[in-house]
Amino acid sequence: MTAQTADAAETELGRAEQACLAGESALTRGDGGTAEGCFREALGFVSGGASGAGGGFREDGAGDAGGDSSGAGGEGPGGGEGSGRGGEPEAGPGPGSGPGSSPATGSGSEEAARRIAARARTGVGRVRLAAGDFDEAVAEFERARRLRPTAAGPLHWLGCAAAHRGDLAAARSHLTAALACAVPHRRSLVQRAYVHARAGDQEAALADLRAASRIAPLDDEARWVLAALSGRPAREVALRLRKAAVTELTGACREQRGGGAGGGSEAREDAGWVRAGALIDAARRLDSEPGPRAPLTAVALIRGGRREAAVELLGEAARQDPADHRVTHTLALALLNSPHRGTGSAWERCVAAWAALLYDAGFWERVRASAARRYGVAVEAALVPVLRAGLREALERRMPDDGAGTRVAPGPLLQREADAAKLLAAVGGFPSAGGGGVPLYCGPLRIAELGRSAEFGAFAAAHEARTLQATAAEDSAATGPSSAYASLTYAFSELGFAQLLLGLDKPADALAALCELRCSECRARGGPGAAAVCEPECARFDELNPGYAGLPDKHHRLSLDARGLALEARLSMGRAELTHARPDFTAAAAYWRRALVHSRELERYRETQTAIVDMALGAARAAHREGRLSLAVSTLEVTRSVIGANERGRLEGQLARVLADRGISVANDEEALLDEPAADLRRSVALNPHLLRAQVSLGVVLRGLAAARWSSGSLSGARDTLREAIDQLSAALVHFPDDPGLEEQREAAVADLDHVMWQPDESEQ
């Protein structure tokens, strides 16, 4: 070989060496495509230029031993999942492969080409192994082994591939052979320990790990396996698992910050998150204590594809410290964005978590501080209501209308929880601990989830007692729907939905919600004809109705309060029928009669009568102002038909005035007949004989009606009408003696009657 040819061969081998280094770097970043391209380029250099210059070599030929330049790594301890230096192993140069060494030294250029070709074949096999293509990976490793049968690297990777395929016996055999080489692979002992552990041979695994620790310090991954096999306390093993997870994430993030190319860096980062999530989840199973960094741990689990484990961790952390809004916020986000939130319980937990944040002052303080740091502008506290409304609207848009598996759709469920949280915030919140603690501002679902229904029941009962004492001096008759809407007891129970619907002016829906207040188990046992509340021995009553849990007669009290809301709903439905564009007076009367039945059972009969009369008088006055006198008359008449004598006087006085106005209005129409005005005025005078205007007008209308009958040829009818007018005016003068208008009308009626009496009646002839 001439000096010029040797120089050319050395140049080609140097390029091949550099291509291998580039491929191993890309493989470390997780960029498999780039890595394989570099390794193929290296193979091209050694099989073309270098081998051509030196006479060539066959890849299936034999060769003597030498150090393998492929890096450490292999099968991870997770049973098929590679560790940080396993599934996507690290690369490191072997003997004689550094950039400063001469690739043509040793046994000559042919031996150097064979060594580089084996290194490149091993690299291609590692790419195939990372991609899950085990057959191709094994084929490449076998080619590398044929090139260098006494080298440890190809044997090590054959063992890793066998472990990935689940062939533990073959994996153990290959790794043992790698350890028997003149220069063993520096990770083979650790990888064989993992294989022993997966095969159930803990003693052999422990021996290998201890032997490896005497050669070089173990990494975090191997340390937790050693701690677990050595019988160390679970907390210590969990700590080592978490440390290994942190190391995994630190390495992945360092690669990304280091400017890893393209998708390879992202793949490496994703693989790091997945592995870290697996380690954290394993640590959590050993030590279930959430710890102070539960939100960060949950983020790592979610990023690693273990959302259910994250939700479980956050749920435990929330039970330990329910006032920590960071935990609650992370849990709310995890549940809202979960792809498996279709079950009813998942939606209920999601709604409960978000409702607990809406009125949490600490949460909004953190939101303001975060926004101020991000945008460099102070966020005033006055903006919190606007932000809260925006968050609530955004959540409602994310809620499905139906089909979520909950008894009530998530949208109304969120409204109920948010309204309950608002009421709770108005009274200062519910103590997060038995002896006090940071207050909670949440709804009934959150109370039940925390298992504190009994405590909340006592809290609500004490608050109700204080409220009753404070309002004892007020008139009980003024107590209306507003007092019920402000009740913690109502809001934190199954009555909350009816309460919400009444507040939204949906009394029919509220009444439907009150028809079934039982849990699913009581409903299945009792059937449709049973009571509407849970049975006394029901274990879920307090969970569904924490506001009643502190009352001794909670079942009876819930039933009575449900009747009270049903009464309010029926009153509202009756009012709605009256004020509709086309009123249905029959339906209104039916609703009010049923409400009066409820009121007798609740001992609120007089109060309910007053409420009905007030509604009717208001509707009648509105119709009267609009000139719809017939509507006003019908409203008062239908109300009078259902109201007892206690409140009838107020109705009759108003009805008398409306009848008088309608009679006078029609009588003033020259083309109208006077029979209907006369009837209205007669009824008006009968209802209220002290209405002077009606008395005088009735006298005038009766005289006009007599004249009309005389003109039509009925003198007998005219005489009878005039006699009625005289009698009516005489009776009116008893109530209004010496009234000139009445006296004038009576004298005129007497004169008219005298005149008519002298006229011949053709019908009599």
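Residues numbered from 1 in each chain as written. Predicted model: local features only at pLDDT ≥ 70, side-chain atom pairs only at ≥ 80, totals over all residues. Heavy atoms only, no water.

**Notes on the environment of G159**
Then comes step 1: Mapping G159 onto the fold places it in helix α5 (residues 152–165).
Then comes step 2: With 33 residues separating them in the primary sequence, G159 and R192 have C-alpha atoms 8.4 Å apart.
Then comes step 3: In this structure G159 touches A171, H174 and L175, once residues within four positions along its chain are discounted. (Helix = DSSP H or I, 4+ residues; strand = E, 2+ residues; numbered from the N terminus. Contact = heavy atoms within 4.5 Å.)

**Side note on a nonpolar patch on the surface**
Then comes step 1: A surface patch of nonpolar side chains, about 260 Å² in accessible area, is lined by L383, V386 and L387.
Then comes step 2: Note that L383 resides in the loop between α16 (361–375) and α17 (384–398).
Then comes step 3: On the basis of relative accessibility, which here comes to 43%, the residue L383 falls in the partly exposed class. (Patch = residues over 30% accessible without salt bridge, like charges linked within 9 Å, V, L, I, M, F, W, Y side chains within 5 Å. Areas by Shrake-Rupley, 256 points an atom, 1.4 Å probe, with all protein chains shown as cover. Salt bridge = Lys/Arg side-chain N within 4 Å of Asp/Glu carboxyl O. Buried < 20%, exposed > 50% of the residue type's maximum accessible area, 1.4 Å probe, protein only.)

**Side note on the packing of helix α31 (residues 645–667) against helix α32 (residues 675–687)**
Then comes step 1: Closest axis-to-axis distance for the α31/α32 pair is 8 Å, and the angle between their directions is 155°. As judged from the angle between their axes, α31 and α32 are roughly antiparallel. Relative to α32, the crossing made by α31 is left-handed. For the pair formed by α31 and α32, the contact residues are E652, L655, A656, L659, A660, R662, G663, I664, V666 and A667 on the first element and P677, D680, L681, R683, S684 and L687 on the second.
Then comes step 2: Counted by class, the contact of α31 with α32 contains ten nonpolar, two polar and four charged residues. (Axes fitted to C-alpha atoms, helices over the stretch in contact; angles between N-to-C directions. Parallel < 35°, antiparallel > 145°, perpendicular 65-115°, else oblique. Left-handed = near helix turned anticlockwise from the far one by under 90°. Nonpolar A, V, L, I, M, F, W, Y, C, P; charged D, E, K, R; others polar.)

**So, the packing of aromatic side chains**
Then comes step 1: Applying the stated criterion across every chain yields a total of six aromatic pairs.
Then comes step 2: Ring centres 5.3 Å apart and planes at 75° place the aromatic pair F430 and F456 in the edge-to-face group. Within this pair, whereas F430 is found in strand β1 (residues 430–433), its partner F456 is found in helix α20 (residues 453–470), the two being separated by 26 residues in sequence.
Then comes step 3: Residue F430 is classed as buried on the basis of its relative accessible area, which comes to 3%. (Phe/Tyr/Trp six-rings, centres within 6.5 Å; stacked < 30°, edge-to-face > 60°.)

**Notes on the nonpolar core**
Then comes step 1: Ranked by size, the top nonpolar core spans 68 residues in total, and within it V190, L209, W224, L241, W354 and L391 carry the most contacts.
Then comes step 2: Sort the elements by how many residues they give to this core and helix α15 (residues 344–358) lands first, with eight residues.
Then comes step 3: Formed by 28 residues, the second largest nonpolar core is a distinct cluster that contains I612, V613, A623 and L659. (Core = buried A, V, L, I, M, F, W, Y, C linked by side-chain atoms within 4.5 Å.)

**A word on a negative patch on the surface**
Then comes step 1: A surface patch of like charges, here negative, comprises D738, E743, E744 and E747.
Then comes step 2: Assignment of secondary structure puts E744 in helix α35 (residues 740–757). (Lys, Arg positive; Asp, Glu negative; His and termini not counted. Charge placed at Lys NZ, Arg CZ, Asp CG, Glu CD.)

**Regarding the side chain of D661**
Then comes step 1: Locating D661 in the fold gives a position in helix α31.
Then comes step 2: Side chain to side chain, D661 and H624 meet in a polar contact 3.0 Å long.
Then comes step 3: If sequence neighbours within four positions are ignored, D661 has contacts with H624, L629 and R693. (Polar contact = N/O pair within 3.5 Å; in protein donor to acceptor, adjacent residues only side chain to side chain.)

**Some details on the packing of α16 against α17**
Then comes step 1: Across the interface, α16 lies against α17 with an axial gap of 11 Å and an inter-helix angle of 100°. Between α16 and α17, the interaxial angle falls into the category roughly perpendicular. Each of F363, W364 and R368 in α16 lies in contact with α17, whose residues at this interface are V384, L387, R388 and L391.
Then comes step 2: Considered class by class, the residues forming the contact of α16 with α17 number five nonpolar, no polar and two charged.

**Here's the deal with unusual backbone geometry**
Then comes step 1: Positive phi, close to 60°, is recorded for D505, a residue that is not glycine.
Then comes step 2: Taking relative accessible area as the criterion, D505 reaches 58% and is therefore assigned exposed.
Then comes step 3: One non-glycine residue, E603, lies in the positive phi region at around 60°.
Then comes step 4: Note on placement: E603 falls in the loop between α28 (585–601) and α29 (605–625).
Then comes step 5: Given a relative accessible area of 73%, E603 falls into the exposed group.

**As for α5**
Then comes step 1: The end-to-end C-alpha distance of α5 is 20 Å, a good match for the 20 Å that 14 residues give at a rise of 1.5 Å each.
Then comes step 2: When you tally the buried positions in α5, you get 13 out of 14 residues, the bulk of the element.
Then comes step 3: Phi for G166, located one or two positions after α5, is positive at around 90°. (Expected span 1.5 Å × (residues − 1).)

**Focus: the side chain of E36**
Then comes step 1: Its place among the elements puts E36 in helix α2 (residues 32–54).
Then comes step 2: Assessed through its relative accessible area of 18%, E36 is described here as buried.
Then comes step 3: If near-sequence neighbours (up to four positions away) are discounted, E36 is found in contact with V124, V127 and R128.

**Observations regarding the pattern of salt bridges**
Then comes step 1: The tally for this structure, following the rule as stated, stands at 40 salt bridges.
Then comes step 2: With a shortest N-O distance of 3.3 Å, D419 and R392 are connected by a salt bridge. A residue pair is termed long-range when its members are at least 10 positions apart, and D419 in helix α18 (residues 410–426) and R392 in helix α17 qualify at 27 residues.
Then comes step 3: By relative accessible area, which is 30% here, D419 ends up partly exposed.
Then comes step 4: Here R392 falls in the buried class, since its relative accessible area comes to 17%.
Then comes step 5: Note that E543 and R540 form a salt bridge whose closest N and O atoms lie 3.3 Å from each other.
Then comes step 6: Classification of E543 by relative accessible area gives partly exposed; the value is 36%.
Then comes step 7: Residue class for R540 comes out partly exposed when judged on its relative accessible area of 27%.

**Describing the state of the cysteines**
Then comes step 1: Tallied over the entire structure, the rule returns zero disulfides.
Then comes step 2: We note that C522 lacks a disulfide partner, and the nearest cysteine sulfur, in C519, lies 3.6 Å from it. (Disulfide = S-S within 2.5 Å.)

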